[in-house]
Amino acid sequence: MASETDLSTPQARRRANTDARLREALGVLANNASTAPTVAGLARAAGVGRNIIYTHHPGVLDALRELQSQREGATETAAGEADRTRSALRDAEARNIALATHNASLLKRAVEAEQRAERLERRNAQLVQELDRMRRPVPIRTNAGAPDPSAA
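Residues numbered from 1 in each chain as written. Predicted model: local features only at pLDDT ≥ 70, side-chain atom pairs only at ≥ 80, totals over all residues. Heavy atoms only, no water.

## Side note on the overall build of the chain
Line of reasoning, step 1. In terms of regular secondary structure, the chain is built from 4 helices and 0 strands.
Line of reasoning, step 2. Shown N-terminal to C-terminal, the secondary structure of the chain runs as helices and strands in the order α-α-α-α.
Line of reasoning, step 3. A compact globule built from 152 residues should have a C-alpha radius of gyration of about 15 Å, whereas the chain, at 47 Å, is more than 25% larger.
Line of reasoning, step 4. Expressed along its principal axes, the backbone C-alpha trace of the chain runs to roughly 155 × 20 × 20 Å.
Line of reasoning, step 5. Counting over 152 residues, the chain shows a buried share of 14%. (Helix = DSSP H or I, 4+ residues; strand = E, 2+ residues; numbered from the N terminus. Rg over C-alpha atoms; globule rule 2.2 N^0.38 Å. Buried < 20%, exposed > 50% of the residue type's maximum accessible area, 1.4 Å probe, protein only.)

## Quick notes on the packing of helix H1 (residues 10–31) against helix H2 (residues 39–46)
Line of reasoning, step 1. Running from amino to carboxyl end, H1 crosses H2 at an angle of 120°, the nearest separation of the two axes being 8 Å. Here H2 runs oblique to H1, going by the angle between their axes. As for how H1 packs across H2, the hand of that crossing is right-handed. Here Arg21, Leu22, Ala25, Leu26 and Leu29 of H1 lie close against H2, whose contacting residues are Gly41, Leu42, Ala45 and Ala46. (Axes fitted to C-alpha atoms, helices over the stretch in contact; angles between N-to-C directions. Parallel < 35°, antiparallel > 145°, perpendicular 65-115°, else oblique. Left-handed = near helix turned anticlockwise from the far one by under 90°. Contact = heavy atoms within 4.5 Å.)

## Regarding the pattern of salt bridges
Line of reasoning, step 1. Going through the model one piece at a time under the given rule, you end up with 3 salt bridges.
Line of reasoning, step 2. The salt bridge partner of arginine 84 is glutamate 81, with a shortest N-O separation of 2.9 Å. Here arginine 84 and its partner glutamate 81 are both found in helix H4 (residues 58–135), 3 residues apart, which amounts to about one turn of the helix.
Line of reasoning, step 3. What makes glutamate 81 partly exposed here is its relative accessible area of 41%.
Line of reasoning, step 4. With a shortest N-O distance of 2.6 Å, arginine 86 and aspartate 83 are connected by a salt bridge. Placement of the pair is arginine 86 and aspartate 83 together in helix H4, with a separation of 3 residues, close to one helical turn.
Line of reasoning, step 5. Classification of aspartate 83 as partly exposed rests on a relative accessible area of 42%. (Salt bridge = Lys/Arg side-chain N within 4 Å of Asp/Glu carboxyl O.)

## Observations regarding the confidence of the model for the chain
Line of reasoning, step 1. In the predicted model, the chain carries a mean pLDDT of 86, and 90% of its residues have values of at least 70.
Line of reasoning, step 2. The least confident element of the chain is helix H3 (residues 50–56), whose mean pLDDT is 86; the most confident is H4, at 91. (pLDDT = per-residue confidence, 0-100.)

## Side note on the nonpolar core
Line of reasoning, step 1. Ranked by internal contacts, the top residues of the largest apolar core, which has 14 residues, are Leu22, Leu42, Val48, Ile53 and Leu64.
Line of reasoning, step 2. Put simply, the parts of the chain that give this core at least two residues each are H1, H2 and H4.
Line of reasoning, step 3. Look past the residues within four positions of leucine 22 in its chain and what remains in contact with it is Leu42, Ala46, Val48, Ile53, His57 and Val60. (Core = buried A, V, L, I, M, F, W, Y, C linked by side-chain atoms within 4.5 Å.)

## Examining H4
Line of reasoning, step 1. Taking 1.5 Å per residue, 78 residues should reach 116 Å; H4 reaches 112 Å between its end C-alpha atoms and fits that length.
Line of reasoning, step 2. Where H4 is concerned, the buried positions are Val60, Leu61, Leu64, Leu67, Arg71 and Gly80.
Line of reasoning, step 3. On its buried side, H4 packs onto H1, H2 and H3. (Expected span 1.5 Å × (residues − 1).)

Structure, rendered in C-alpha cells:
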C-alpha cells in the first residue's frame, strides 16, 4: 500500500489534487464572509462530492469546522457588541431625558426667582417712597389762620 505522501500512484496523485482543490476552495470560503462555510458549499466550490470530504479528507473537514467556529465566535462577538452598544444608547437616552427634566426644573426655578425679584424690587420702591414721605419735614402751624404751605 502506498503512503499518502508518495505520489507515484494515480490514486495518491488524485487524492493530493483533490486535497489541493479543497484547500483552495476553503481559502475562498474563508475570504468570502457572505458565504456560509458548509461542507456542501465547500464540495460545490471544489467540484467534488460531500462524501469525499467526509471519508478521505478529515484534515480539510477539521479546517472547515475551525472556520465555522471562528465565524460563530465572530457572530457572537458582533452580537455581544451590538447588545452593549444598544445598552449604552439606552443609558445615554435615559441620561439625556434626566438632564432635560432637570434643566426644565432649573429653568422654572429661574423664572420664578426673576418674578420674585421683580416683585421685591417693586415693593422696595414702594417702601422707599413711603420712607421719603415720612422723612419730609412737616411744617408746624403756629397761626391757625395762616394758609397751609403744603396745600399749594
